[in-house]
Amino acid sequence: MSFVKSFCRIMGRIAPLHLAEKWDNVGLILEAPHVRDNAKRVLLTIDLTPAVVEEALSTPTSIIVSYHPPIFKPLSSITLSNPLQASLLRCAAAGISVYTPHTALDSVTDGINDWLCTKVAGPLRDINWTARFIGQEFPDGLGGVGRVVTLKQPMELKMLQFNVRTELELKHIQVAYAKPEREKTMVTTIAICAGSGGSVLLGVDADVYFTGEMSHHEVLAAVQSGHNVILCGHTNTERGFLPWLAKDIEEFIQEELEQSTNPAEAALLKGLEIVVSQKDQHPLVTVDI
């Protein structure tokens, strides 16, 4: 088994690809025709931007884990005139492969949505709060879509806003209030979905909908049906999880090295350095005038 395939197998254990949404494009997106010499770094990013590609090319990176898939739909051509396609071509030419977990990482137990639960409600699950899936748990028991947190002690919406802003290290968030009490509204239940959660959250019975972004009409529909909304920017609900993902990858690699029945295959992963991109960032900034 090749080095790239061995790493893909590790990622598949962390976030099994069958957990991804049917519309999603996950897994090995780009398999480079060769592996870079003396390159033992895996670079984690939310998006495969030109800046991230430059970062990968200037470091001993052999694999980029791009949370969002750089290819969503079939391509009729791959040319240098398209910035994203140019990034993929540069990676392939340099011997850098690209892997995407996306919604599989959202839904898996202890993935991004569970991480977001701890950011709004604190780390003491089952003591201060509980959580359930939006809809049914997956048949294999590995996770489910979205989360609904139930607090054992209600909190003011103002405190929930504070938790989101401080835990995700943000200067600004957006809030839509459904009641005249506004930030003094008492909150017991919070429906959560990473990224763009409007289609998942609308219709869910919860005091607050918390996600990265929703359309104008989705926000109106939520508020008019009595649900407060907290938005903090699409990738701001995802990027903070990358250090946690790095730790997971390191732990699974170590386990593979210690317990593998195929030492030669496991040896391909030895010495890998898992690094979070320094160039990946939210594309929008808030300007105060």
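Below: a short report on this structure. (Residues numbered from 1 in each chain as written. Predicted model: local features only at pLDDT ≥ 70, side-chain atom pairs only at ≥ 80, totals over all residues. Heavy atoms only, no water.)

Some words on the overall build of the protein
Under the convention used in this document: Where helices and strands are cited, they refer to DSSP runs of H or I of at least four residues and of E of at least two residues respectively, numbered from the N terminus. A radius of gyration in this sense is built from C-alpha atoms; the matching globule rule multiplies 2.2 Å by the number of residues raised to 0.38. Partly exposed residues are those whose accessible area sits between 20% and 50% of the maximum for their type, while under 20% is buried and over 50% is exposed, using a 1.4 Å probe and protein chains only. What makes two residues a contact is simply this: any of their non-hydrogen atoms within 4.5 Å. Computed with the Shrake-Rupley method and a 1.4 Å probe, the accessible areas treat only the protein chains shown as cover for residues.
Scanning the protein for helices and strands turns up 10 helices and 11 strands. For the protein, the C-alpha radius of gyration of 20 Å lies close to 19 Å, the compact-globule estimate for 289 residues. Taking all 289 residues of the protein together, the buried fraction comes to 50%. Long-range contacts, defined here as pairs at least 24 residues apart, represent 65% of the contacts in the protein between residues at least 6 apart. Summing over all exposed atoms, the protein offers an accessible surface of approximately 14400 Å²; the carbon and sulfur share of this is 54%.

Some remarks on the packing of aromatic side chains
Our working definition: Each aromatic pair joins two rings of Phe, Tyr and Trp (for Trp, the six-membered one) with centres within 6.5 Å, and gets the label stacked for planes under 30 degrees apart, edge-to-face for over 60, and tilted for any other angle. A positively charged side chain is recorded as over a ring if its NZ (Lys) or CZ (Arg) lies within 6 Å of the ring centre. The angle to the ring normal must also be within 35 degrees.
Overall, the coordinates contain two aromatic pairs when judged by the stated rule. With 6.3 Å between their ring centres and 35° between their planes, Trp23 and Phe72 make a pair best called tilted. Here the residue Trp23 occupies a position in the loop between helix H1 (3–14) and strand E1 (27–30), and Phe72 occupies one in the loop between strand E3 (61–66) and helix H3 (83–94), the gap between them amounting to 49 residues. Given a relative accessible area of 52%, Trp23 falls into the exposed group. Residues Trp115 and Phe241 carry aromatic rings whose centres are separated by 6.0 Å and whose planes lie at 65° to one another, so their mutual orientation is edge-to-face. One end of the pair, Trp115, is in helix H5 (residues 112–121); the other, Phe241, is in the loop between strand E10 (228–231) and helix H9 (242–259), and 126 residues separate them in sequence. An identical accessibility class is assigned to Trp115 and Phe241; each is buried. The positively charged end of Lys247 is found above the aromatic ring belonging to Trp244, 5.6 Å away from the centroid.

A closer look at the side chain of Asp106
To be explicit about the condition: His is not counted, nor are the chain ends; Lys and Arg add positive charge and Asp and Glu add negative charge. Any Lys or Arg side-chain nitrogen located within 4 Å of an Asp or Glu carboxyl oxygen qualifies as a salt bridge.
Tracing the chain through its elements places Asp106 in helix H4 (residues 102–107). Here Asp106 sits buried without a salt bridge, and the closest side chain of opposite charge, Arg147, lies 9.2 Å off (N-O distance). If near-sequence neighbours (up to four positions away) are discounted, Asp106 is found in contact with Tyr67, Gly111, Ile112, Asn113, Arg147 and Ala194.

A closer look at the nonpolar core
Just so we agree on the cut-off: The criterion is simple. A nonpolar core is a set of buried Ala, Val, Leu, Ile, Met, Phe, Trp, Tyr and Cys residues joined through side-chain atoms within 4.5 Å.
Counting 53 residues, the largest nonpolar core has Phe7, Leu44, Leu160, Ile190, Phe210, Leu245 and Ile249 as the members making the most contacts within it. Residue contributions to this core peak at seven residues, all from H1. In this structure, Phe210 is in contact with Leu116, Val120, Val164, Leu168, Ile190, Ala191, Ile192, Cys193, Leu201, Ile230, Cys232 and Thr237, ignoring residues within four places of it in sequence. Leu48, Ala56, Ala92 and Ile96 belong to the second largest nonpolar core, which has 16 residues in total.

Examining the environment of Asp114
Position of Asp114 among the secondary structure elements: in helix H5. Note: C-alpha distance between Asp114 and Lys247 (133 residues apart in sequence) is 16 Å. The residues contacting Asp114, other than those within four sequence positions of it, are Val108, Thr109, Arg125 and Arg147.

What about the layout of surface pockets?
The condition that has to hold: Grid spacing is 1 Å over the protein atoms alone, the probe is 1.4 Å, and a cavity is where that probe fits but cannot get out, while a pocket is an open set with protein on both sides within 12 Å along at least five of seven lines and lining residues have an atom within 4 Å of a point. Grid points are joined across faces, edges and corners, and a volume is the space filled by probe spheres set on the points. Under the grouping applied here, Gly and all other residues not named as nonpolar or charged are polar, the nonpolar ones being Ala, Val, Leu, Ile, Met, Phe, Trp, Tyr, Cys and Pro and the charged ones Asp, Glu, Lys and Arg.
Reported here for the largest pocket is a volume of approximately 530 Å³. Lining the largest pocket are 19 residues; nearest its centre among them are Cys232, Asn236, His282, Leu284 and Thr286. Estimated volume of the second largest pocket: approximately 300 Å³. If you trace the second largest pocket, you find 19 residues lining it, with Trp23, Thr103, Asp106, Ala194 and Ser196 closest to the centre. Class assignment for the residues of the lining of the second largest pocket results in six nonpolar, 10 polar and three charged.

Re the pattern of salt bridges
Under the criterion given, the structure shown has nine salt bridges. The shortest N-O distance in the salt bridge between Glu54 and Arg90 comes to 2.6 Å. Here Glu54, found in helix H2 (residues 50–57), pairs with Arg90, found in helix H3; they are 36 residues apart in sequence, far enough to count as distant. Overall, the relative accessible area of 40% leaves Glu54 in the partly exposed class. Since its relative accessible area comes to 34%, Arg90 is described here as partly exposed. Here Asp280 ties to Arg239 by a salt bridge, and the two come within 2.7 Å at their closest N and O atoms. Within this pair, whereas Asp280 is found in the segment after strand E11 (273–276), its partner Arg239 is found in the loop between E10 and H9, the two being separated by 41 residues in sequence. A single salt-bridge network, built from bridges that share partners, covers Arg9, Arg13, Glu255 and Glu256.

Looking at the environment of Ala93
By secondary structure assignment, the location of Ala93 is in helix H3. Along the chain, Ala93 and Val35 lie 58 residues apart, while their C-alpha atoms are 9.9 Å from each other.

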